[in-house]
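Read off the chains here:
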Amino acid sequence: MPAPRLTVVITRRLPEAVETRMKELFDVELRDPDLPMTRDELASAMQRADVLVPTITDTIDAALLAQAGEKLKLIANYGAGVDHIDVATARQRGVIVSNTPGVVTEDTADMVMALILAVTRRIPEGLQVMQSGNWTGWSPMALLGGRLGGRRLGILGMGRIGQAVARRARAFGLQVHYHNRKRLRPEVEAEYEATYWESLDQMLARMDILSINCPHTPSTFHLLNARRLRLMKPSAVVVNTSRGEVVDENALTRALRAGELSGAGLDVYERGTDLNPRLRELPNVVCLPHMGSATVEGRIEMGEKVIINIKTFADGHRPPDQVVPGQF
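Let me sum up the structure you'll find in this document. Every value quoted in this text rests on a predicted model; they were computed, and no experiment measured them. (Residues numbered from 1 in each chain as written. Predicted model: local features only at pLDDT ≥ 70, side-chain atom pairs only at ≥ 80, totals over all residues. Heavy atoms only, no water.)

1. Considering the overall build of the chain
Phase 1: Counting its secondary structure elements, the chain contains 13 helices and twelve strands.
Phase 2: Its C-alpha atoms give the chain a radius of gyration of 22 Å, near enough to 20 Å, the size a compact globule of 328 residues would have.
Phase 3: Its C-alpha atoms give the chain principal-axis dimensions of about 75 × 50 × 35 Å.
Phase 4: When each of the 328 residues of the chain is scored for burial, the buried share is 50%.
Phase 5: The long-range share in the chain, meaning contacts at least 24 apart out of those at least 6 apart in sequence, stands at 60%.
Phase 6: By element, 53% of the accessible surface of the chain is carried by carbon and sulfur atoms, the whole surface being about 16,200 Å².
Phase 7: Side-chain charges of the chain comprise 40 positive and 39 negative groups, with the mean position of each set lying 5 Å from the other. (Helix = DSSP H or I, 4+ residues; strand = E, 2+ residues; numbered from the N terminus. Rg over C-alpha atoms; globule rule 2.2 N^0.38 Å. Buried < 20%, exposed > 50% of the residue type's maximum accessible area, 1.4 Å probe, protein only. Contact = heavy atoms within 4.5 Å. Areas by Shrake-Rupley, 256 points an atom, 1.4 Å probe, with all protein chains shown as cover. Lys, Arg positive; Asp, Glu negative; His and termini not counted. Charge placed at Lys NZ, Arg CZ, Asp CG, Glu CD.)

2. Some details on a nonpolar patch on the surface
Phase 1: Taken together, the side chains of M130, W135 and W138 present a nonpolar region at the surface, about 470 Å² in accessible area.
Phase 2: Within the secondary structure layout, M130 lies in helix 6 (residues 123-132). (Patch = residues over 30% accessible without salt bridge, like charges linked within 9 Å, V, L, I, M, F, W, Y side chains within 5 Å. Salt bridge = Lys/Arg side-chain N within 4 Å of Asp/Glu carboxyl O.)

3. As for the pairing of strand 7 (residues 175-179)
Phase 1: Counting buried positions over the five residues of strand 7 gives four, a clear majority of the element.
Phase 2: Pairing analysis gives five bridges linking strand 6 (residues 152-156) to strand 7, with the strands arranged parallel. In the sheet register, G154 faces strand 7, and the bridge partner there is H177.
Phase 3: In this fold, the crossover linking strand 6 to strand 7 by way of helix 7 (residues 160-171) has right-handed handedness.
Phase 4: In the sheet, strand 7 pairs with strand 8 (residues 195-196) via two bridges, with the strands oriented parallel. Paired with Y178 across the strands is Y196, a residue of strand 8.
Phase 5: Read from strand 7 through helix 8 (residues 186-192) to strand 8, the crossover connection turns out right-handed. (Pairing = 2+ DSSP bridges. Right-handed = clockwise from strand over helix to strand, strands pointing away.)

4. Some points on the sheet that holds strand 8
Phase 1: Taking strand neighbours across the sheet as the criterion, the seven strands line up as 8-7-6-9-10-11-12 in an open arrangement whose pairing is parallel. The open sheet is flanked by strand 8 and strand 12 (285-287), the only strands paired with a single partner.
Phase 2: Pairing between strand 10 (residues 237-240) and strand 11 (residues 263-266): four bridges, direction parallel. Within the sheet, the bridge partner assigned to V239 lies in strand 11 and is G265.
Phase 3: Each of strand 6, strand 7 and strand 9 (209-212) is contacted by helix 7, which is oriented at about 170° to strand 6, the strand it contacts most. (Axes fitted to C-alpha atoms, helices over the stretch in contact; angles between N-to-C directions.)

5. Digging into the packing of aromatic side chains
Phase 1: Going through the model one piece at a time under the given rule, you end up with one aromatic pair.
Phase 2: Judged by centre distance (5.2 Å) and plane angle (50°), the ring pair of Y178 and Y196 falls under tilted. Of the two residues, Y178 sits in strand 7 while Y196 sits in strand 8, which places them 18 residues apart along the sequence. (Phe/Tyr/Trp six-rings, centres within 6.5 Å; stacked < 30°, edge-to-face > 60°.)

6. Looking at the sheet that holds strand 2 (residues 27-29)
Phase 1: One open sheet accounts for five strands, arranged 2-1-3-4-5; its pairing is parallel. Looking at which strands have only one partner, the edges of the open sheet turn out to be strand 2 and strand 5 (96-98). Each strand of the sheet is rotated relative to its neighbour by a mean of 20°, with strand direction disregarded.
Phase 2: In this sheet, strand 2 lies alongside strand 1 (residues 7-10) in parallel orientation, the contact comprising three bridges. Its bridge partner lying in strand 2, T7 is registered against D27.

7. Regarding unusual backbone geometry
Phase 1: Note that the residue after D32, namely P33, is joined by a cis bond; omega there is 5°.
Phase 2: You can see P33 is positioned in the loop between strand 2 and helix 2 (39-48).
Phase 3: Its identity as a non-glycine residue notwithstanding, R122 has a phi of 60°, on the positive side.
Phase 4: Residue placement: R122 occurs in the loop between helix 5 (105-120) and helix 6.
Phase 5: Take R122: its relative accessible area is 27%, and that puts it in the partly exposed class.
Phase 6: In this structure, E193 takes a positive phi of about 50° despite not being glycine.

8. So, the pattern of salt bridges
Phase 1: Summed over all chains, the structure comprises 22 salt bridges.
Phase 2: Here R271 and E249 are joined by a salt bridge, their closest N and O atoms 3.7 Å apart. Pair noted here: R271 is in the loop between strand 11 and helix 12 (277-280) and E249 is in helix 11 (residues 249-257), with a separation of 22 residues, a long-range link.
Phase 3: Exposure remark for E249: the relative accessible area of 4% places this residue in the buried category.
Phase 4: Put simply, K305 and D321 hold a salt bridge, and the shortest N to O gap is 3.5 Å. Highlighted residues: K305 in helix 13 (residues 296-314) and D321 in the segment after helix 13, separated in sequence by 16 residues.
Phase 5: In this structure K305 comes out as partly exposed when scored by relative accessible area, which is 23%.

So this is what it looks like as structure tokens:
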């Protein structure tokens, strides 16, 4: 007799192609409507599932894992970041956690460059003029931005996404600098013509643009705090597409309102959807609703990785993207 199919519970709507393929392979519970599960709904799902497929909107902490049923053996996260999952506790309870690394690298790096251009060239302000019907024609001094070529770009976190940003930055004529836990190999530095800074403080004081591309860990919480923001030049721009918790959002808001920074481009926020309204009101700040990985291609590839992780687990093997506690 064939082995019984795994019960898979998906916490959010996924692309149709991904959901259909999952239905072909497993006993799947789809999410409808596309709203985040409540904590009670998550607890119920974890009691009846062999495999849970959560997203970044699902906080799976120790207390919730304590309510999981004996069936639950795999949390196949739909996304690369796993700071919303207590991986160590899951492992103690015999639950494997997997993720989808490497899929959104190019898409997120594209968004970094989009935000850099939007802020430095004042694109949203130009859109506002056009949409309000107030444009009276070209003027030599209207909406003057800054040229990217020749500026110094500091990359905080030179992993997959940071290096993808560096490739794009070189094409725009930016000078690439970076701070990372570990220095890159000489041949990789040479490829990007990148300058390494062991001291984050020293790098920040010299950069025109800062791109934050590091994960959220206990050591990176508020890594860009009020003291470090004061080190930056008043003409500098901050772009964050990684995790909102890396930046002290209140300190960033104060610096921008005081003219101590030129602008910011943000796709992630410290308190999720609870965005500081004083930050949102600033004309030199571009706020996006976590769109960094939002491409059709990226979402489907994420789903394909989830399927591979589940199928490999079902076949009795270690999922290729298993997360190890302390990895991030």
